[in-house]
Amino acid sequence: MIIARNLCKTFKLTVPKEGRFKGIRNLFASEYREVNAVKDVTLSIGSGEFVGYIGPNGAGKSTTIKMLSGILHPTSGDVLICGASPQQNRRQVVRQLGVVFGQRSQLWWDLPVRDSYDILASMYKLDAPHYKEQLATLRNVLQLDEFIDTPVRKLSLGQRMRADLAAALLHNPAILFLDEPTIGLDVVAKKQIRTYLKHLNVEWGKTILLTTHDMDDIEQLCSRVIVINRGEAIYDGSIENLQERIGLPSVMKLAFRGPVTLPAGRTEMLPFKVTDVQDNVLTIECNRNEVTAMEVLRNVSEWGDLLDVHIEEPDFEDIIHRVY
Ligand SMILES: Nc1ncnc2c1ncn2[C@@H]1O[C@H](COP(=O)(O)OP(=O)(O)OP(=O)(O)O)[C@@H](O)[C@H]1O
């Protein structure tokens, strides 16, 4: 459904001139610096997938989305959306695509939300009954009624994001590109947006490519994640697989009723690492692919009167920090 082959984007930036008349001399600048924003990205996303596209600031996520949606032309490589190039068959592709940029609204700032939708509907040449039906569904699913007659500039960020999502869905596209749709939202609004996105994917079968810096978005929504760093796709697969490949240790805290006596000179032989002993609490690190919790408990129960066990698994955010 979404195919990108050897996608590259290089931006050419003029190197600013210093000294007298630099403003005028910059107009005729002949020195350039190149920024390789996206380097040889190849990906293929099937119908109904919900894919997270993540990476640190400046990694090339937005640039990729802009090329996939036809806003930018790749320097080299090509894109196919439902079999058509967004650069060459823009009209055809736009019908299949809904795009939301969390940092910028596609709605008219001073107009009531409903008026923006009317304009978009006429831009997409939607016929009246279809538009009416789709808007009624979106009003219901995204709970638009509380602000549909309010000018966009007066909406809260959470309401604005819902309004933008509805705008992207008016023409009922099969694919959604969402660039940071939860940016700046509080926990309640984030949860709400995630619920809507899940609904759009599971109930409506939308294919979704999501960029975000919020790893909870990814963990809760995406079955697959693509990691991009310095313009290059460095991982494409499931979250679980990524977790296994990075192999961050789990931390176990074991509380004893009295003092803990470590076996003298034998701790190096153990299948886990003792990192701390304090106030009858022993902290160990272990790789859960290599040793089970039961094996750990069997070993440490010989070292004192074991009272309680607490296991901290590495969270997705830790894993992603390690990847970056
Ligand atoms: N129009 C442009 N002109 C010049 N350089 C650009 C342009 N757009 C992006 N870049 C550069 O390309 C690189 C990738 O930027 P991009 O916006 O795609 O990153 P991103 O992964 O979306 O980052 P963020 O998470 O901060 O939004 C950056 O170095 C950025 O400065």
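Structure's up top.
Please read all numbers here as calculations on a predicted model, not as lab measurements. (Residues numbered from 1 in each chain as written. Predicted model: local features only at pLDDT ≥ 70, side-chain atom pairs only at ≥ 80, totals over all residues. Heavy atoms only, no water.)

What follows concerns the site of the ligand. The immediate surroundings of the ligand are formed by 14 residues, with Gly-58, Lys-61, Ser-62, Thr-63 and His-213 found nearest. At 2.9 Å, a backbone N or O of Gly-60 approaches an oxygen atom of the ligand. For the ligand, the accessible surface in isolation is 640 Å², of which the surrounding protein chains cover 64%. Breaking the shell around the ligand down by element, the ones donating at least two residues are β1 (2–14), β2 (32–45) and α2 (61–68). (Near = heavy atom within 4 Å. Polar contact = N/O pair within 3.5 Å; in protein donor to acceptor, adjacent residues only side chain to side chain. Areas by Shrake-Rupley, 256 points an atom, 1.4 Å probe, with all protein chains shown as cover. Helix = DSSP H or I, 4+ residues; strand = E, 2+ residues; numbered from the N terminus.)

Below, the discussion takes up the pairing of strand β5 (residues 97–101). Judged by how many residues are buried, β5 sits mostly within the fold: four of five residues are covered. Of the pairings in the sheet, the one linking β5 to strand β6 (residues 175–179) comprises five bridges and is parallel in character. Each residue of the ladder has a partner; that of Gly-98, found in β6, is Leu-176. (Buried < 20%, exposed > 50% of the residue type's maximum accessible area, 1.4 Å probe, protein only. Pairing = 2+ DSSP bridges.)

Axis angle and axis distance: for two packed helices, these are the angle between their axes and the distance between the axes, and together they describe the pair. One can describe the packing of helix α4 (residues 113–123) onto helix α5 (residues 128–141) by two numbers: an axis separation of 12 Å at closest approach and a directional angle of 140 degrees. The pairing of α4 with α5 is recorded here as oblique in orientation. At the point where α4 passes α5, the crossing takes the right-handed sense. Across the interface between the two elements, Arg-114, Tyr-117, Asp-118 and Ala-121 from α4 touch Tyr-131, Leu-135 and Arg-139 from α5. Across the contact of α4 with α5, the residue classes tally to four nonpolar, no polar and three charged. (Axes fitted to C-alpha atoms, helices over the stretch in contact; angles between N-to-C directions. Parallel < 35°, antiparallel > 145°, perpendicular 65-115°, else oblique. Left-handed = near helix turned anticlockwise from the far one by under 90°. Contact = heavy atoms within 4.5 Å. Nonpolar A, V, L, I, M, F, W, Y, C, P; charged D, E, K, R; others polar.)

We now examine the pattern of salt bridges. Tallying each qualifying case throughout the model produces twelve salt bridges. Its salt-bridge partner being Asp-110, residue Arg-153 comes within 2.8 Å of it at the nearest N-O pair. Taken together, the residues span a long stretch of sequence, with Arg-153 in the loop between α5 and α6 (157–169) and Asp-110 in the loop between β5 and α4 at a distance of 43 residues. Judged by its relative accessible area of 53%, Asp-110 is exposed. One salt bridge in this structure joins Asp-214 and Arg-194, with 3.3 Å as the shortest N-O distance. Of the two residues, Asp-214 is situated in the loop between β7 (207–211) and α8 (215–221) and Arg-194 in helix α7 (residues 187–202); the sequence distance between them amounts to 20 residues. Taken as a pair, Asp-214 and Arg-194 share a single burial class, namely buried. Three or more residues are tied together by salt bridges with common partners; here these are Lys-190, Arg-194, Asp-214 and Asp-217. (Salt bridge = Lys/Arg side-chain N within 4 Å of Asp/Glu carboxyl O.)

Interpretation in functional terms is not warranted from these geometric data alone.
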